[in-house]
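Analysis of the macromolecular model
Here is what each chain is made of, one letter per residue.
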Amino acid sequence: LDILLDSPDNNVSEYIFEKIGVDLHRRPEHPLGILKSAILEYFDSAYGKGSFRMFDDLHPIVSTHENFDSVLVPQDHVSRSKNDTYYVTEDTVLRCHTSAHQLSLLKQGEKKFLVTGDVYRRDTIDATHFPVFHQMEGVRVFTKCELSSTELAPQDFVSQELKSMLEGLAKHLFGEVELRWVDAYFPFTDPSYELEIFFNGEWLEVLGCGVMQKQILNGASLVDEEAWAFGLGLERLAMVLFDIPDIRLFWTNDERFSKQFKAGMFRSGGHNMQKFKSYSKYPPCYKDVSFWLPNVSKFTENDLCEIVRSTAGNLVEEVKLIDEFHNPKTNQVSNCYRITYRSMDRSLTD
Ligand code: DAH
């Protein structure tokens, strides 16, 4: 690893390197893991259990050939620049999309598969962009026999199946959601489309897809076949599904986040599904208060909390006993409570 990091072509900061192997998408209790399972559930029900094979442990360091050439990204495409992509060495990168695995899986003979993994892009900063995020790639190969069962031109048939499958997926995830198809360009598909979902007052691009270029299929010795492919951003979809306002939250270890997600919580169509309840990003301010109990048997914590609530209102986040002292001489008890104050909308002063 150190040797790789020392390469003159390396532009991967330690902060980014440390994200390798975290594998948020492989945690069943994490929103990304929950979403991954929900999507797999859709493929199982639409095509039969296990008919799509899921790969979620392919390593994110790939060759520039896999990341770009194997999916026909032109030599002068911006995504090849060191400004956009993390280079580990001159000819290895942190994959910038899960499409990097299409060709090798096709070559291995896979015909229906999903690839889930972390992908890396140098980018600007806002609430929906993070340099490491997660994608799911899907590929379905149609045999000559399947293609001959229709009057439609093969490409139209494949396009149609692709779009209705993805609309079904959107419905499975979100129920009745407003969506639209936008014509797009990807080097690896023709025709190509993007699916957008209306969320929080704006159209959010959630996936790209299309009919796979013949040249890629031919590279895997598939000459009579056609295929569709799609790639979707898991964070974007999870933000819509659970109402998560900021992409950084996926990386937090804060229990106020993680405790809100459970492996079995997904409900098809989002019906009656628990949404994420926001908590403040502002820093807490602690005050410890201790007092002698006038009468030990009469004191209850709830009573104390009533007093704190009525005095400090919404600024209190937690009241917690941190020390209890018994003076044997006087036979008195003292309690020390830590009161955590935190505002939902500003940094508190001391
Ligand atoms: N790789 C594309 C991206 O990262 C997404 C994508 C678009 C994947 C079209 C596909 C596809 O498989 O067919 O933006």
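The paragraphs below set out a description of the structure included in this document. Predicted model, so just to flag it, every value in this text is computed and none were measured.

Within the protein one finds 11 helices and 13 strands. Radius of gyration (C-alpha) of the protein: 26 Å, far over the 20 Å computed for a compact globule of 350 residues. Once the C-alpha set of the protein is aligned to its principal axes, its extents read approximately 90 × 50 × 35 Å. With 350 residues in all, the protein has 47% of them scored as buried. Restricting the contact set of the protein to residue pairs at least 6 apart, pairs at least 24 apart contribute 64%. When the accessible area of the protein is evaluated, it comes to approximately 18,300 Å², of which 49% is carbon and sulfur surface. Charged side chains of the protein number 37 positive and 53 negative; the gap between the two group centres comes to 5 Å.

Taken together, 15 residues are adjacent to the ligand, and His 97, Ser 99, Arg 121, Gln 135 and Glu 137 come closest. Between Gln 135 and the ligand, the recorded distance is 3.0 Å, taken from a side-chain N or O atom to an oxygen atom. Note that an oxygen atom of the ligand is positioned 3.4 Å from one of the backbone N or O atoms of Phe 230. For the ligand, whose unbound accessible area comes to 350 Å², protein coverage reaches 91%. Those elements that place two or more of their residues in the shell around the ligand are strand E6 (132–142), strand E9 (202–212) and strand E10 (226–233). Residue composition of the shell around the ligand, grouped by class: 5 nonpolar, 8 polar and 2 charged.

Turning our attention to the pattern of salt bridges. For the structure shown, the criterion picks out 20 salt bridges. The partner of Asp 23 in a salt bridge is Arg 26, and the shortest N-O contact between them spans 3.8 Å. The class for Asp 23 is partly exposed, based on a relative accessible area of 21%. A residue is classified by how much of its surface remains accessible, and Arg 26, at 43% relative accessible area, is partly exposed. Linking Arg 248 and Asp 246 is a salt bridge whose minimum nitrogen-to-oxygen distance equals 2.8 Å.

In this chain, Asp 190 is followed by Pro 191 through a cis amide linkage whose omega measures -5°. A positive phi angle is found at Asp 23, which is not glycine, with a value near 50°. Inspection of the secondary structure puts Asp 23 in the loop between helix H2 (14–17) and helix H3 (31–47). For Asp 243, which is not glycine, the phi dihedral falls at a positive 65°. Checked against the element boundaries, Asp 243 lands in the loop between helix H9 (234–242) and helix H10 (255–258). Of the residues examined, Asp 243 reaches a relative accessible area of 36% and is grouped as partly exposed.

Turning to the sheet that holds E6, a few remarks are in order. Taken in spatial order, the 7 strands of this open sheet run E1-E5-E6-E10-E9-E8-E7, and their pairing is mixed. Unpaired on one side and paired on the other, strand E1 (53–55) and strand E7 (179–186) mark the two borders of the sheet. For this sheet, the mean inter-axis angle between neighbouring strands, taken without regard to orientation, is 25°. Packed on one face of the sheet, helix H7 (residues 154–174) meets E6, E7, strand E8 (189–199), E9 and E10 and runs near 30° to E10.

Right, let's get into the side chain of Arg 80. Tracing the backbone through its elements, the reader meets Arg 80 in the loop between helix H4 (64–67) and strand E3 (87–89). With sequence-adjacent residues up to four places away left out, Arg 80 is seen in contact with Phe 68, Asp 69, Val 73, Pro 74, Gln 75 and Tyr 87.

Tallied over the entire structure, the rule returns 0 disulfides. In this structure Cys 96 is a free cysteine whose sulfur lies 18 Å from that of Cys 209, the closest cysteine sulfur available.

The next subject is H7. Along its 21 residues, H7 runs 30 Å from first to last C-alpha, staying within 8% of the 30 Å computed at 1.5 Å per residue. With its phi angle positive at about 75°, Gly 175 sits one or two positions after the end of H7.

Attention shifts here to the side chain of Ser 159. On the secondary structure map, Ser 159 appears in helix H7. Engagement of the side chain of Ser 159 in a polar contact is seen with the side chain of Tyr 193, the distance being 3.3 Å.

The rules we used
- Residues numbered from 1 in each chain as written.
- Predicted model: local features only at pLDDT ≥ 70, side-chain atom pairs only at ≥ 80, totals over all residues.
- Heavy atoms only, no water.
- Helix = DSSP H or I, 4+ residues; strand = E, 2+ residues; numbered from the N terminus.
- Rg over C-alpha atoms; globule rule 2.2 N^0.38 Å.
- Buried < 20%, exposed > 50% of the residue type's maximum accessible area, 1.4 Å probe, protein only.
- Contact = heavy atoms within 4.5 Å.
- Areas by Shrake-Rupley, 256 points an atom, 1.4 Å probe, with all protein chains shown as cover.
- Lys, Arg positive; Asp, Glu negative; His and termini not counted.
- Charge placed at Lys NZ, Arg CZ, Asp CG, Glu CD.
- Near = heavy atom within 4 Å.
- Polar contact = N/O pair within 3.5 Å; in protein donor to acceptor, adjacent residues only side chain to side chain.
- Nonpolar A, V, L, I, M, F, W, Y, C, P; charged D, E, K, R; others polar.
- Salt bridge = Lys/Arg side-chain N within 4 Å of Asp/Glu carboxyl O.
- Pairing = 2+ DSSP bridges.
- Axes fitted to C-alpha atoms, helices over the stretch in contact; angles between N-to-C directions.
- Disulfide = S-S within 2.5 Å.
- Expected span 1.5 Å × (residues − 1).

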